Amino acid sequence: PGRLVCVGLGMMLGAHIGPRARSHIEQSDVVFAAVSDPLVELWLKQMHQEVHSLQPYYAVGKSRRQTYREMVDAMLVEVRAGKQVCGAFYGHPGVFAQVAHDAIAQARREGFLAHMEPGVSAEDCLYADLGIDPGRYGCQHYEASQFMFYRRRIDPAAYLVLWQIGIAGDRSCTRFATGPALRRLLVERLIEDYPAYHEVIVYEAATLPISEPRMERVKLRDLPDAQLHMHSTLVLPPAAMLQPDPDMLARIEAVERADM
Ligand code: SAM
């Protein structure tokens, strides 16, 4: 019977792939590639002779939701045909990425074996390059558009990471960039919780061993005019001190006393 494995390739070409991901790629009957760079596709083709790119499903003016459905279908057709199918995704296949989760859920609903192999995500590279430990002050992650569409409770004593900042505010799900006007709205929202002159970081992990990560510091109020891409992530360092909770501390003290 067919089965599906979705694996992560990591962010940097050739440098982040794990042994399990590699062996799934090599041993599957067919490989589907959801990668952002044609070079990564060429690299995959060295590991397997039948690599189908999922990239052509993207199109300007086409809803990404439709694109994702078609990607899931393309993989499922092969699983139903009894093939061992591998979906190879850049980064981590299940981090801010719906297709692998959807495809695995669909395959399981139809009774096939399906699972995910994790990979090195943009998040992992960000922690390494920017020297951030998410456990130090805590770290909130949101998709930038979702962050704009819904009321969220921001804790400015923690890190805040906004994904897909380059298409923040795109309600149509069809665009590959949004402009300064929508970004100004995002900044207005952030200024409710952060000083306008707070220094934020536009982050782009290196995807080739010969390139450097982009770690550009800009003032929050200047963000609308910053250069942002599809592969940019925005990091807001903490802007406030951790607030002690005296009530909880007193209750803990009471427990400690009772334990003695
Ligand atoms: N699954 C991917 C991962 O594991 O990192 C994330 C896919 S998500 C659809 C795309 C978003 O990931 C981008 O908008 C950006 O926020 C982030 N991203 C992708 N490539 C990046 C890079 N080279 N550097 C920093 N962030 C990146």
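Scroll up a little and you will see the structure.
Because the structure is predicted, anything quoted here is derived from the model rather than measured. (Residues numbered from 1 in each chain as written. Predicted model: local features only at pLDDT ≥ 70, side-chain atom pairs only at ≥ 80, totals over all residues. Heavy atoms only, no water.)

Caption draft 1: Inspection of the overall build of the chain at higher detail. Counting secondary structure elements, the chain contains 9 helices and 10 strands. Its C-alpha atoms give the chain principal-axis dimensions of roughly 60 × 55 × 35 Å. Every one of the 260 residues in the chain was classed for burial, and the buried ones make up 44%. A fraction of 63% describes how many contacts in the chain between residues 6 or more apart in sequence connect residues 24 or more apart. Put simply, the chain shows about 13900 Å² of open surface, and 53% of that area lies on carbon and sulfur atoms. The positive charge centre, built from 27 side chains, and the negative charge centre, built from 32, are 5 Å apart in the chain. (Helix = DSSP H or I, 4+ residues; strand = E, 2+ residues; numbered from the N terminus. Buried < 20%, exposed > 50% of the residue type's maximum accessible area, 1.4 Å probe, protein only. Contact = heavy atoms within 4.5 Å. Areas by Shrake-Rupley, 256 points an atom, 1.4 Å probe, with all protein chains shown as cover. Lys, Arg positive; Asp, Glu negative; His and termini not counted. Charge placed at Lys NZ, Arg CZ, Asp CG, Glu CD.)

Caption draft 2: Inspection of unusual backbone geometry at higher detail. One non-glycine residue, F96, adopts positive backbone phi at about 50°. Here F96 is to be found in the loop between strand 4 (84–89) and helix 4 (99–109). The phi torsion at Q164 lies on the positive side, around 55°, for a residue other than glycine. Examined against the element boundaries, Q164 turns out to sit in the loop between strand 7 (159–163) and helix 8 (180–190).

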